[in-house]
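Tertiary structure, described
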Amino acid sequence: MSILVTGGAGYIGSHTVLELLEKGEKVVVFDNLVNSCEESLNRVQKLTGKSLKFYEADMLDRTAMDKIFDENPDITAVIHFAGLKAVGESVAKPIEYYYNNICGTLVLIEAMKAHNCKNIIFSSSATVYGIPETPCITELFPKGQCSNPYGWTKSMIEQILTDIQTSDPEWNVVLLRYFNPIGAHKSGEIGEDPQGIPNNLVPYIAQVAVGRREHLNIYGNDYNTPDGTGVRDYIHVVDLALGHIKSLDKLNEMNGGVKTYNLGTGKGYSVLDVLHAYEKACGKELPYVIAPRRPGDIDGFYSDPSLAKEELGWQAQYDIDEMCRDSWNWQSKNPHGYKG
Ligand code: UD1
């Protein structure tokens with residue numbers, strides 16, 4: 001039995017592939033490497049002492065998708081990470097985002113269906129909740145208005161998978177809504193390697209800490225939060241990866257259906273909290289300036305992760321200090337990411 005991981009060379013994908021291999025699963029990965037490096041998978045194989053099968057392929061390419069399933073008829077489930085994910089870029093390039101993420105997923109699903117593989121875990125995001133009415137979010141909250149095309153692609157793909165399951169009850173679908181993944185594997189060999197200027201908080205802080213950027217811009221200190229800066233639920237990427245392993249067990253015991261889980265810690269930290277935790281990790285003060293609010297940002301939210309605990313037997317283990325420690329370990333060992 002093999003697990004197909006789409007976008008498996010990326011940040012969350014590579015950490016999940018590592019945990020799958022550690023668990024003894026056979027893994028097939030495809031990735032078009034548009035925002036990732038094959039080196040991550042070389043390192044995963046070195047760290048685990050196990051090998052995987054890699055295809056450089058694009059999910060929009062139906063022939064390539066069919067080839068992967070034809071050559072690996074033992075693929076029983078797909079963990080679907082592949083997709084464009086930069087919020088700001090998605091506002092500037094909506095056609096590219098909708099085309100790649102939505103059409104790519106449809107091609108993947110068609111290929112799965114043609115090969116009678118009807119088990120999928122989808123990498124979704126808490127962004128599908130839009131602006132929540134209260135900050136502590138359970139899965140029962142209604143989905144909301146997304147502030148950008150990237151978020152809408154997540155929301156729409158959730159709906160597409162749900163509709164497919166309705167049309168064919170043999171499908172087993174797990175939708176995982178991530179909060180804010182940060183950190184890196186404890187080895188410091190794999191981690192987040194954003195191309196260009198990082199969009200997200202921790203990769204940006206990491207580049208300030210390593211000397212690649214002058215200071216952090218804190219987008220607003222007048223939010224309705226204890227210190228005025230935005231509050232989010234940061235989750236260690238290894239905890240997140242383990243959430244996928246537990247979800248695979250769930251897929252195996254499901255008898256058709258759609259399950260949705262929040263993956264977060266249940267705790268909120270402000271931008272300043274994270275900055276100070278990072279300063280502790282890297283042992284130096286990090287400069288910052290207060291900048292205007294970023295359009296689309298909201299005060300604060302965090303997960304209620306109790307459903308995942310109850311139904312998956314999964315709970316985040318790492319705290320914010322450990323997340324920053326592991327991020328710094330990766331960044332200081334690899335100041336320029338996989339390229340050196
Ligand atoms: C964003 C996306 C989310 C996506 C996630 C990926 C939205 C609204 N948010 O989440 O969909 O899944 O990234 O990890 O679509 N901040 C700064 N300075 C910076 C960067 C960020 O102050 O240089 C602040 C932000 O204002 C926010 C917090 O840090 O309060 C976290 O920001 P970020 O890491 O970008 O994540 P989100 O916006 O929560």
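We now turn to the structure provided with this report.

Criteria and thresholds
Residues numbered from 1 in each chain as written. Predicted model: local features only at pLDDT ≥ 70, side-chain atom pairs only at ≥ 80, totals over all residues. Heavy atoms only, no water. Helix = DSSP H or I, 4+ residues; strand = E, 2+ residues; numbered from the N terminus. Expected span 1.5 Å × (residues − 1). Buried < 20%, exposed > 50% of the residue type's maximum accessible area, 1.4 Å probe, protein only. Near = heavy atom within 4 Å. Polar contact = N/O pair within 3.5 Å; in protein donor to acceptor, adjacent residues only side chain to side chain. Areas by Shrake-Rupley, 256 points an atom, 1.4 Å probe, with all protein chains shown as cover. Nonpolar A, V, L, I, M, F, W, Y, C, P; charged D, E, K, R; others polar. Core = buried A, V, L, I, M, F, W, Y, C linked by side-chain atoms within 4.5 Å. Contact = heavy atoms within 4.5 Å. Salt bridge = Lys/Arg side-chain N within 4 Å of Asp/Glu carboxyl O. 1 Å grid on protein atoms, 1.4 Å probe; cavity = no way out; pocket = protein on both sides within 12 Å on 5 of 7 lines; lining within 4 Å. Points joined across faces, edges and corners; volume = space filled by probe spheres on them. Phe/Tyr/Trp six-rings, centres within 6.5 Å; stacked < 30°, edge-to-face > 60°. Lys NZ or Arg CZ within 6 Å of the ring centre and 35° of its normal. Pairing = 2+ DSSP bridges. Axes fitted to C-alpha atoms, helices over the stretch in contact; angles between N-to-C directions.

The end-to-end C-alpha separation of helix 5 (residues 94-114) is 29 Å, in line with the 30 Å expected for 21 residues at 1.5 Å each. Considered for burial, the residues of helix 5 that qualify are Tyr97, Asn100, Asn101, Ile102, Gly104, Thr105, Val107, Leu108, Ile109, Ala111 and Met112. Downstream of helix 5 by one or two residues, Asn116 has phi in the positive range, about 55°.

This paragraph deals with the site of the ligand. Around the ligand lies a shell of 20 residues, among which Leu201, Asn217, Arg232, Arg294 and Asp297 are the nearest. A distance of 3.0 Å separates an oxygen atom of the ligand from a polar atom in the side chain of Asn180. Here an oxygen atom of the ligand and a side-chain polar atom of Asp297 are 2.6 Å apart. Burial of the ligand by the protein amounts to 89% of the accessible area it has alone, namely 730 Å². Of all the elements, strand 9 (residues 216-219) adds the most residues to the shell around the ligand, at 4 residues. A breakdown of the residues in the shell around the ligand according to their chemical character gives 8 nonpolar, 9 polar and 3 charged.

A separate point is the nonpolar core. In this structure, Val5, Val17, Leu20, Val27, Leu248 and Leu263 are the most contacted members of the largest nonpolar core, which totals 41 residues. Leaving out residues up to four positions away in the same chain, Leu248 has contacts with Ile3, Leu20, Glu25, Ala77, Ile79 and Ile121.

The next subject is the pattern of salt bridges. Note on pairing: side chains with opposite charge can pair once their charged atoms come close. Evaluated as defined, the whole model comprises 20 salt bridges. Across the pair Lys67 and Glu71 runs a salt bridge, and its minimum N-O distance is 3.6 Å. In this pair, Lys67 and Glu71 both sit in helix 3 (residues 62-71), 4 residues apart, roughly one turn of the helix. Notably, a salt bridge pairs Arg293 with Asp222, separated by 3.0 Å at the nearest N-O pair. With Arg293 in the loop between strand 14 (288-291) and strand 15 (302-303) and Asp222 in the loop between strand 9 and strand 10 (231-232), the pair connects residues that are 71 residues apart, well separated along the chain. Overall, the relative accessible area of 43% leaves Arg293 in the partly exposed class. The network of salt bridges with shared partners includes Lys23, Glu25 and Asp249.

Turning to empty space enclosed by the protein, a few remarks are in order. Empty space among the atoms can be located by rolling a probe the size of a water molecule over them. Overall, the coordinates contain 2 cavities of 30 Å³ or more when judged by the stated rule. In this structure, the largest cavity spans a volume of roughly 70 Å³. Tyr11, Ile182, Gly183, Glu192, Pro194, Val202, Pro203, Ala206, Ser327, Trp330 and Gln331 together form the lining of the largest cavity. Looking at the lining of the largest cavity, the elements with two or more residues in it are helix 7 (201-209) and helix 11 (320-333). Tallied by class, residues from the lining of the largest cavity come to 7 nonpolar, 3 polar and 1 charged. For the second largest cavity, the calculated volume is near 30 Å³. If you trace the second largest cavity, you find it lined by Glu192, Asp193, Pro194, Gln207, Arg212, Trp330, Gln331 and Gly337. Along the lines of polarity and charge, the residues of the lining of the second largest cavity split into 2 nonpolar, 3 polar and 3 charged.

Moving on, we get to the packing of aromatic side chains. Each aromatic ring pair is described using two quantities: the centre-to-centre distance and the angle formed by the ring planes. Scanning the model with the defined rule gives 4 aromatic pairs in all. Taking the centre distance of 5.0 Å and the plane angle of 55° together, the rings of Trp330 and Tyr338 count as tilted. No difference in accessibility class separates Trp330 from Tyr338, as the two residues are buried. Between the NZ or CZ atom of Arg293 and the centre of the ring of Tyr223, over which it lies, the distance is 3.9 Å.

Within the open sheet, the 7 strands sit side by side as 3-2-1-4-5-7-12. Their pairing is parallel. The strands lining the two open edges of the sheet, one partner per strand, are strand 3 (53-56) and strand 12 (257-263). If you compare each strand with its neighbour and ignore which way they point, the axes differ by 15° on average. Sheet topology places strand 7 (residues 172-178) next to strand 12; 7 bridges connect them, and they run parallel. Bridge pairing in strand 12 places Val173 opposite Val258. Here helix 3 sits on the sheet and contacts strand 1 (2-6), strand 2 (26-31), strand 3 and strand 4 (75-80); the angle it forms with strand 3, its principal contact strand, is near 165°. Here helix 8 (residues 237-253) sits on the sheet and contacts strand 1, strand 4, strand 5 (119-125), strand 7 and strand 12; the angle it forms with strand 7, its principal contact strand, is near 160°.

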